[in-house]
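Residue strings, one per chain:
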Amino acid sequence: MTEDFLAFHKPFISEDEIEEMVDTLRSGWISMGPKTLQFEEAFGNYIGVKNSIAVNSWTAAGHLTLEAFGIGKDDEVIVPTMTFPATAEIACYFGAKPVLVDVEDETLNISVDLLEKAITPKTKVIIPVHYGGQPCDMDEINALAVKHGIRVLEDAAHALPAVYKGRKVGTISEVTCFSFYATKTLSTGEGGMICTENEEISERCKVMRLHGINRDAWNRYNESGSWYYEVVAPGYKYNFTDLQASLGLAQLKKVDLMWQRRKEIAQRYTEALKDNDGIRLITMKADRESSWHLFPIRLNLEALKINRAQFIDQLKDAGIGAAVHFMPVHMHLYYKETLSLDDKDFPAATNAFHRLLSLPIYPGMTEAQVERVIDVLTSLLSKFRK
Ligand SMILES: *Cc1c(COP(=O)(O)O)cnc(C)c1O
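Residues numbered from 1 in each chain as written. Predicted model: local features only at pLDDT ≥ 70, side-chain atom pairs only at ≥ 80, totals over all residues. Heavy atoms only, no water.

Caption draft 1: Structural context of the packing of helix α1 (residues 15-27) against helix α9 (residues 242-253). At a minimum axis distance of 8 Å, the contact between α1 and α9 shows a crossing angle of 150 degrees. Considering the angle they form, α1 stands roughly antiparallel to α9. In terms of crossing hand, the pair formed by α1 and α9 is right-handed. Contacts between α1 and α9 involve D16, E17, E20, M21, T24 and L25 on the former and, on the latter, D242, L243, S246, L247, L249, A250, Q251 and K253. Per-class residue counts for the contact of α1 with α9 are six nonpolar, three polar and five charged. (Axes fitted to C-alpha atoms, helices over the stretch in contact; angles between N-to-C directions. Helix = DSSP H or I, 4+ residues; strand = E, 2+ residues; numbered from the N terminus. Parallel < 35°, antiparallel > 145°, perpendicular 65-115°, else oblique. Left-handed = near helix turned anticlockwise from the far one by under 90°. Contact = heavy atoms within 4.5 Å. Nonpolar A, V, L, I, M, F, W, Y, C, P; charged D, E, K, R; others polar.)

Now the structure itself:
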């Protein structure tokens, strides 16, 4: 193991975050307060959406959205299998059924053809996931949703920022949820954001993120002072904090700069690796721009003497961290058993899973580190060629 191990990911934290955090600590207000409001407003302005509701994770954001949609136990929610299980588990919270759909082999985004085939009279919601940061075929997905009276919640955990046909992700469908988890493109440690133009959805999510406390009721009966509150539904404890908002405010100021740097790394990787037949890159569609949250590659196992797990170990021994995004949801024990799923019904995702690994791609990487990843990867590919 070399001394200078290149981690798979490092958040891009500088003095700005530290100063903003110290300012919050000195202010005496560390839970949800003025900085959360400021962050929500700044985030909404950045995306170009009217309502932004900050919560403590994408999972909370997705849960609150499905609650606001009125999802119940006989409903079906369509989810691509190539995602983090949170995308599917939020349907289970309501006793609803996550209906898993295979992905396109080229992009690993949900296949629109298979999505259409999965629609039944019980389908209430479609949750497209912008895999790695490349937007899904949103026009086709939204057209299907309108045709069948289905709602759309975009899982944009990877897609800050990303652009689809000139429109920023977050402005396209009824609701879009972002994640600010430690490894995501903007991080507040943990966190999430619900973006929507729909005022009713926005209000319901705001009420339910904090115990079902209705601020309108609070205003209405407020004559006796600020101690009064009224609970209108059994809500959740999903609120954001001003400590998280401190990180968010500082990170948001450089969100485009961080994107620019990831784009440069992606370009360099693509240039250096696109003609290497030991691996296969994700196909990028021309009418959209990825956030480049991830740089996934697929090993050409037929040409190699080692498998994916061994390849990741080799990278690690050479001082490079890699990760796998994702083990498809249909392969996880719970979903496989409760939904009686078979790998054969998800050929693209199953096949991709055995070959997938993600290379480091984050703004703190130096040119030399990017070149080292390319050198180590290409020499391992030739060393273990059959
Ligand atoms: C990270 C991630 C989530 C969950 O985000 P949290 O903020 O950790 O709840 C959901 N979907 C995808 C695709 C993710 O990568």
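Caption draft 2: Quick peek at the packing of aromatic side chains. Tallying each qualifying case throughout the model produces 11 aromatic pairs. Ring centres 5.6 Å apart and planes at 65 degrees place the aromatic pair F39 and F180 in the edge-to-face group. Placement of F39 in helix α2 (residues 34-47) and of F180 in the loop between β8 (175-179) and β9 (192-196) is noted, with a sequence separation of 141 residues between them. Using a relative accessible area of 0% as the deciding quantity, one classes F39 as buried. Aromatic pair F43 and F178: ring centres 5.3 Å apart, planes at 75 degrees, arrangement edge-to-face. Residue F43 is located in helix α2, and its partner F178 is located in strand β8; the two are separated by 135 residues in the primary sequence. There is no split in this pair, since F43 and F178 are both buried. Cation over ring: K168 sits above Y46, and NZ or CZ is 3.6 Å from the ring centre. (Phe/Tyr/Trp six-rings, centres within 6.5 Å; stacked < 30°, edge-to-face > 60°. Buried < 20%, exposed > 50% of the residue type's maximum accessible area, 1.4 Å probe, protein only. Lys NZ or Arg CZ within 6 Å of the ring centre and 35° of its normal.)

Caption draft 3: Focus on the layout of surface pockets. In this structure, the largest pocket spans a volume of roughly 500 Å³. Put simply, the parts of the chain that give the lining of the largest pocket at least two residues each are α2 and α8 (215-220). In terms of residues, the lining of the largest pocket owes the most to one element, α2, which gives three residues. Looking at the lining of the largest pocket residue by residue, the class counts come to seven nonpolar, four polar and five charged. In this structure, the second largest pocket is lined by 23 residues; those nearest its centre are F84, S179, Y181, K184 and F326. (1 Å grid on protein atoms, 1.4 Å probe; cavity = no way out; pocket = protein on both sides within 12 Å on 5 of 7 lines; lining within 4 Å. Points joined across faces, edges and corners; volume = space filled by probe spheres on them.)

Caption draft 4: The arrangement of helix α7 (residues 199-208) in detail. Listed as buried for α7 are I201, S202, C205, V207 and M208. In this structure, the buried side of α7 is in contact with β1 (51-55), α3 (58-69), β5 (151-155), β8 and β9. In this structure N198 caps α7, since a side-chain oxygen of it lies 2.9 Å from the backbone nitrogen of E200. (Polar contact = N/O pair within 3.5 Å; in protein donor to acceptor, adjacent residues only side chain to side chain.)

Caption draft 5: Quick peek at α3. A rise of 1.5 Å per residue sets the reference length of α3, with its 12 residues, at 16 Å; its end C-alpha atoms lie 16 Å apart and thus fit the reference within 8%. With 11 of 12 residues buried, α3 lies mostly within the body of the structure. When α3 is considered as a whole, its buried residues turn out to be W58, A60, A61, G62, H63, L64, T65, L66, E67, A68 and F69. Capping the start of α3, S57 holds a side-chain oxygen 3.3 Å from the backbone nitrogen of T59, two or three residues further along. G70, located one to two residues past α3, shows a positive phi value of around 80 degrees. (Expected span 1.5 Å × (residues − 1).)

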